Amino acid sequence: MSENKDLHGDESAASVEGVKFVYDFTEGNKDLKDLLGGKGANLAEMTNLGLPVPPGFTITTEACKVYLDSGEEPAALRDEVSAHLDALEQRMGKKLGQADNPLLVSVRSGAKFSMPGMMDTVLNIGLSDKSVQGLAQQAGDDRFAWDSYRRLIQMFGKTVLGVDGDLFEEALDAAKAAKKVTVDTELEAADLKKLVTKFKKIVKAEAGRDFPQDPREQMDLAIKAVFDSWNGDRAKLYRRQERIPHDLGTAVNVCSMVFGNLGPDSGTGVAFTRDPASGHQGVYGDYLQNAQGEDVVAGIRNTVPLAELEQIDKKSYDQLMQIMETLENHYKDLCDIEFTIERGQLWMLQTRVGKRTAGAAFRIATQLVDQGLIDETEALQRVTGAQLAQLMFPRFDENAKTEQVGRGIAASPGAAVGKAVFDSYTAVKWSRSGEKVILVRRETNPDDLDGMIAAEGILTSRGGKTSHAAVVARGMGKTCVCGAEELEVDTKRRRMTVPGGHVVEEGDLISIDGSTGKVYLGEVPVVPSPVVEYFEGRMHAGADDADELVEAVHRIMAFADRKRRLRVRANADNAEDALRARRFGAQGIGLCRTEHMFLGDRRELVERLILADTEAEREESLKALLPLQQQDFVELFEAMDGLPVTIRLLDPPLHEFLPDITELSVRVALAESRQEPHENELRLLQAVHRLHEQNPMLGLRGVRLGLVIPGLFTMQVRAIAEAAAARKAAKGDPRAEIMIPLVGTVQELEIVREEADQVIAEVEAATGTELKLAIGTMIELPRAALTAGQIAEAAEFFSFGTNDLTQTVWGFSRDDVEASFFTAYLEKGIFGVSPFETIDKDGVGSLVRAAAEAGRRTRPDLKLGVCGEHGGDPESVHFFHEAGLDYVSCSPFRIPVARLEAGRAATQSEGSDHR
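Residues numbered from 1 in each chain as written. Predicted model: local features only at pLDDT ≥ 70, side-chain atom pairs only at ≥ 80, totals over all residues. Heavy atoms only, no water.

Engineer: Could you clarify how one ought to interpret helix 24 (residues 615-639) in this entry?
Structural biologist: A turn of α-helix holds 3.6 residues, and therefore any two residues three or four places apart point the same way. Taking 1.5 Å per residue as the helical rise, helix 24 with its 25 residues ought to reach 36 Å, and the 36 Å between its terminal C-alpha atoms agrees with that figure. By the largest-angle criterion, Leu-626 marks the main kink of helix 24, which is about 25°, and a proline, Pro-627, follows within four residues. For helix 24, the full list of buried residues reads Arg-618, Ser-621, Leu-622, Leu-625, Gln-629, Asp-632, Phe-633, Val-634, Leu-636, Phe-637 and Ala-639. (Helix = DSSP H or I, 4+ residues; strand = E, 2+ residues; numbered from the N terminus. Expected span 1.5 Å × (residues − 1). Bend = angle between axes of the 7 residues up to and from the residue. Buried < 20%, exposed > 50% of the residue type's maximum accessible area, 1.4 Å probe, protein only.)

Engineer: Please explain the sheet that holds strand 5 (residues 250-256) as it appears in this structure.
Structural biologist: Read from one edge to the other, the open sheet built from five strands follows the order 1-2-5-3-4, with strand pairing classed as antiparallel. The sheet is open, and its two edges are formed by strand 1 (22-24) and strand 4 (121-125), each paired on a single side. Adjacent strand axes in the sheet meet at a mean angle of 20° when their direction is disregarded. Alignment of strand 3 (residues 105-111) against strand 4, held across three bridges, turns out to be antiparallel. Residue pairing for strand 4: Arg-108 is matched across the bridge by Thr-121. The sheet contacts of helix 9 (residues 215-229) involve strand 2 (56-59), strand 3, strand 4 and strand 5, and relative to strand 5 the element is tilted by about 150°. (Pairing = 2+ DSSP bridges. Axes fitted to C-alpha atoms, helices over the stretch in contact; angles between N-to-C directions. Contact = heavy atoms within 4.5 Å.)

Engineer: Can you walk me through the side chain of Thr-61 in this structure?
Structural biologist: With respect to the helices and strands, the residue Thr-61 is situated in helix 3 (residues 61-70). Non-local contacts of Thr-61, meaning those with residues more than four positions away in its chain, are made with Asp-34, Leu-35, Gly-37, Leu-248, Gly-249, Thr-250 and Ala-251.

Engineer: Any chance you could explain a negative patch on the surface here in plain terms?
Structural biologist: A grouping of Asp-164, Asp-166, Glu-170 and Glu-206 is seen on the molecular surface, where their side chains present a negatively charged patch. Relative to the assigned elements, Asp-164 resides in the loop between helix 6 (142-159) and helix 7 (165-179). Looking at Asp-164, the relative accessible area reads 42%, which means it is partly exposed. (Patch = residues over 30% accessible without salt bridge, like charges linked within 9 Å, V, L, I, M, F, W, Y side chains within 5 Å. Areas by Shrake-Rupley, 256 points an atom, 1.4 Å probe, with all protein chains shown as cover. Salt bridge = Lys/Arg side-chain N within 4 Å of Asp/Glu carboxyl O. Lys, Arg positive; Asp, Glu negative; His and termini not counted. Charge placed at Lys NZ, Arg CZ, Asp CG, Glu CD.)

Engineer: Just to check I follow, could you spell out the sheet that holds strand 17 (residues 479-482) for this structure?
Structural biologist: Through backbone hydrogen bonds, the strands of a sheet pair up, either in parallel or in antiparallel fashion. Strand order in the open sheet made by the eight strands is 12-22-21-14-15-16-17-13, with mixed pairing throughout. Looking at the sheet topology across the chains shown, the edges are occupied by strand 12 (404-407) and strand 13 (409-412). Adjacent strand axes in the sheet meet at a mean angle of 30°, parallel and antiparallel pairs treated alike. Alignment of strand 14 (residues 415-421) against strand 15 (residues 437-441), held across three bridges, turns out to be parallel. If you follow Lys-419 over to strand 15, its bridge partner there is Val-437. Packed onto the sheet, helix 17 (residues 424-432) meets strand 14 and strand 15 and runs at close to 110° relative to strand 14.

Engineer: Could you clarify how one ought to interpret the side chain of Thr-838 in this entry?
Structural biologist: Within the secondary structure, Thr-838 sits in the loop between helix 34 (822-827) and helix 35 (844-858). Given a relative accessible area of 3%, Thr-838 falls into the buried group. Here the side chain of Thr-838 touches Asp-873 through a polar contact of 3.0 Å, side chain to side chain. Beyond its immediate sequence surroundings of up to four residues, Thr-838 is in contact with Arg-243, Val-833, His-870, Asp-873, Glu-875 and Ser-876. (Polar contact = N/O pair within 3.5 Å; in protein donor to acceptor, adjacent residues only side chain to side chain.)

Engineer: Got a minute to help me understand the pairing of strand 7 (residues 281-289) in this structure?
Structural biologist: Strand residues, when the strand is regular, have side chains that alternate between the two faces of the sheet. Relative to strand 7, strand 6 (residues 267-274) is paired through seven bridges, and the arrangement is antiparallel. Within strand 7, the position partnered with Arg-274 by the bridge is Gln-281. Relative to strand 8 (residues 304-305), strand 7 runs antiparallel, the two being bridged by two bridges. In the sheet register, Asp-286 faces strand 8, and the bridge partner there is Pro-305.

Engineer: Before we go on, may I ask you to explain the pattern of salt bridges in this structure?
Structural biologist: Where charged atoms from two side chains of opposite charge approach closely, those side chains can pair. The final tally for this structure, using the stated rule, is 54 salt bridges. One salt bridge in this structure joins Arg-352 and Asp-336, with 3.1 Å as the shortest N-O distance. With a gap of 16 residues between them, Arg-352 in strand 10 (residues 345-353) and Asp-336 in strand 9 (residues 335-342) connect regions that are remote in the sequence. You'll find Arg-352 and Asp-336 in the same group, each marked buried. The partner of Asp-804 in a salt bridge is Arg-701, and the shortest N-O contact between them spans 2.7 Å. Of this pair, Asp-804 sits in helix 32 (residues 802-810) while Arg-701 sits in the loop between helix 26 (679-691) and helix 27 (703-708), placing them 103 residues apart in sequence. For the pair Asp-804 and Arg-701, one class covers both residues: buried. Three or more residues joined by partner-sharing salt bridges are found here, namely Arg-143, Asp-147, Arg-150, Arg-151, Asp-173, Lys-176 and Asp-184.

Engineer: Can you help me understand a nonpolar patch on the surface in this one?
Structural biologist: Taken together, the side chains of Leu-707, Val-708 and Ile-751 define a hydrophobic patch exposed on the protein surface, amounting to about 240 Å² of accessible area. Here Val-708 shows up in helix 27. Residue Val-708 is classed as exposed on the basis of its relative accessible area, which comes to 52%.

Engineer: Help me understand the nonpolar core, please; the structure alone is not making it clear to me.
Structural biologist: A general tendency of soluble globular proteins is for nonpolar side chains to be buried together. If you look at the biggest cluster of nonpolar residues, it comprises 124 residues, and the most contacted ones within it are Phe-362, Leu-388, Val-553 and Ile-740. Sorting elements by how many residues they give to this core places helix 28 (residues 712-729) first, with ten residues. Sequence-distant contacts of Ile-740, defined by excluding residues within four places in its chain, comprise Leu-649, Val-703, Phe-713, Leu-749, Val-752, Ile-775, Gly-776, Thr-777 and Met-778. Counting residues in each nonpolar core, the second largest holds 59 residues, with Leu-103, Val-107, Ala-145 and Val-254 among its members. (Core = buried A, V, L, I, M, F, W, Y, C linked by side-chain atoms within 4.5 Å.)

Engineer: Honestly, the packing of aromatic side chains in this entry has me stumped. Any pointers?
Structural biologist: Between two aromatic rings, the relevant description is the distance of the centres plus the angle of the planes. Counted according to the given criterion, the structure contains 19 aromatic pairs. Consider the rings of Phe-168 and Phe-199, whose centres lie 5.0 Å apart with planes at 70°: the pair is edge-to-face. Pair noted here: Phe-168 is in helix 7 and Phe-199 is in helix 8 (residues 189-207), with a separation of 31 residues, a long-range link. Residue classification places Phe-168 among the buried positions, given a relative accessible area of 0%. Here Phe-535 and Phe-584 contribute two aromatic rings whose centre-to-centre distance is 5.9 Å and whose plane-to-plane angle is 35°, an arrangement assigned as tilted. Linking Phe-535 in helix 20 (residues 530-536) with Phe-584 in the loop between helix 22 (575-583) and strand 25 (589-593), this pair joins segments that are 49 residues apart in sequence. Here Arg-239 stacks its cationic end above the ring of Trp-230, 3.8 Å away from the centre of that ring. (Phe/Tyr/Trp six-rings, centres within 6.5 Å; stacked < 30°, edge-to-face > 60°. Lys NZ or Arg CZ within 6 Å of the ring centre and 35° of its normal.)

Engineer: Explain the pairing of strand 16 (residues 457-460) to me, please; I cannot follow it from the model alone.
Structural biologist: Alternating residues of strand 16 divide into Gly-457 and Leu-459 and Ile-458 and Thr-460, and every residue in both groups is buried. Across four bridges, strand 15 lies against strand 16 in parallel orientation. The residue bridging Leu-439 from the neighbouring strand is Ile-458, located in strand 16. Assessed by its sense of winding, the connection that carries the chain from strand 15 through helix 18 (residues 449-454) to strand 16 is right-handed. For strand 16 and strand 17, the ladder comprises three bridges, and the chain directions are parallel. For Gly-457, the partnering residue across the bridge sits in strand 17 and is Thr-479. (Right-handed = clockwise from strand over helix to strand, strands pointing away.)

Engineer: Help me understand unusual backbone geometry in this model?
Structural biologist: Of all residues except glycine, most have a negative phi; of all peptide bonds, most are trans. For Lys-332, which is not a glycine, the phi torsion comes out positive at approximately 55°. Counting through the fold element by element, Lys-332 comes out in the loop between helix 13 (314-331) and strand 9. On the basis of relative accessibility, which here comes to 37%, the residue Lys-332 falls in the partly exposed class. For Arg-343, which is not a glycine, the phi torsion comes out positive at approximately 50°. Topologically, Arg-343 is positioned in the loop between strand 9 and strand 10. Look at Arg-343 and you get partly exposed, because its relative accessible area is 41%.

Nothing here speaks to function; it is geometry throughout.
Right, here's the structure in full:
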């Protein structure tokens, strides 16, 4: 896992020499995120820009990797930390935990990619029974000192010593109840001093040791706790959810403390250079007087809008606005900023490229292009296909009759409907049983991550746009409403009381609108997204009724279409789907599944064909099917006139067109017991028994069916050829391609191709029309991929059927494994994501690459595409671009996503990673 082990052979990983593990904030920059983590790199960058950053240093991710790999910190780390701590003490003019004038520090995590609240932070390190007195004397404020000390014991006890955090919260609530107050700031110094005593007793009872009084021991233990938190359950779950690699490790930032809890002229806040929910420019963020940073993020106390800081502290407000402009112009993106004001002095504690909603991402990207800060190529790297897909989800119908019961802060947009649940465990349990749920909490914390992932949306009665719930929900694309203060949430009794006294019990349906912050009783109906209306052609960019989001999407899609090399086709089986796909930007049909044309009333015709005993019966069935197929293809060619249409010949597992063997056996048995005539049923049952397969997916299907049932494929080829001729006669431009499924050897394809060429020649002769019908095959079996060079001799194109290829490479039956053990594989980290969702690059992907290369060696002009659902998966589209395919094909609704990702893939090397 660690590079250092490789460099030093058998030497212990903890004894690495010659590697620098600690960097002062003055030594780094924003491009060192791999080494310093996002937080450390950006603290260094702000220091370099001359912004007011408290002095400190960063312990690198390499140190974390060594620790996680060996179980020990690098031998040199303690000395490096000591050297940097000495330099910090000299600069600050005081020592860590000094009794009469203590230097205090924070110890914070900071991975390369933002993981809000998933790892550990400890503030006020250096406080002890002695130094708390010195802090009080230096600050001239006993209350502040004891409040800081109780916060340290609470954080340290929970984070470092593993004490149940609820024990501290209960003790704090008891102290407020005894004082008959409702907020922490109303507790006085004497109350907090008693609370410190109580907290220390909790630590002793639960951790089996006293709270450490040695400040260096506090810092060392906190650093180890941050390293350990990288592999905490919630951090691992978050990384799986966000597809962040597990081997990156976290940096640790040790920063001199500045205090926002020194009184009304102090405070802490979070600011955004643009609204992370909408993308609009303005003053956005939250501020909390007389508080430390964790109070804002935790949402325990409701904040005031950042704009109110102008009235509270005009000087700090103006300075903050100037710094925000500097940072946005420097990073050329929306910046998320954490700051503290200590007695009128502004300090910057963190900045990062901010998480934003899908709509905000598109708006901001185009705004930055207009401002000249980024170009079109970079704009494409600022948005994703997943965000576009989210914008295509429905929204609540504004004209529906609703019962609004509350309103909070619109923290993350979307329309979510589900049953109210009041804890994470229930959310996960109900979701796994198929229920849609809304997670309702006073405020969320990192331990709620499981439930947040499982829920359709999140509703809290506390917190703002920068609270834990809001930040995490925006990152996951979940609908979220925060700070709905009028809702009284009682998690212990599993209920919520709304204005007017109505009680929402667990299991009651509620609806939340993350775009407006409104909360409704019951289920609110939804209507199509304006983005879908735009793609459908019902709303046009530039029209009076088009909102700015549609304009932004229109522009980004135009950027993508200009840049992309991959063409995007649709999986469509009828004219209606084909027309919709064309409106969505499809450049043809990459997969028409002809078996879908035989469902419903036509199923009986195929059943008769498969079960035919004589050639006459078979010919009769084929004769009945031919005109139906021909008309299907005429309609399809008309809808896609001028664009390629790839038609896959019949490829159902046989059982899909045969009567159910159990049901048929029961019918025969009942008829026999009643001595009723049942000759036809018995004959049918005997035929079904003869054709019955244990594993139909690997049985008589695809090319095998066409070879075993004479006339089946030639009937379909004739229907395609006659339809193409008919369209040409009608002055159309049909571009049909015939695809042979499930080929495993070139001999299968050669036999079918010879028959198809003969039929096409007959139709050309009969109609006097020249038909150019390409014939190719699906590559969906490992053997086909491994012998692609041979198969290309008879194929003009390959289309990779990655659904079946994934099944056959992995030995999975998709219908069975996804329900039986995929959840366990995902939880254990065996899969980062289902291989049916995103292509397995190492296994299936290597076969795709090998087949593409071998096929083009044989036939340089071989056309290559993919028609599995991977064709619409963002990450997979990038792989297909890199593998040199010509097109991807996916369901109509995913075409815009594939178009966007194809453009992003083409420009990926030009842009930067804006995860």
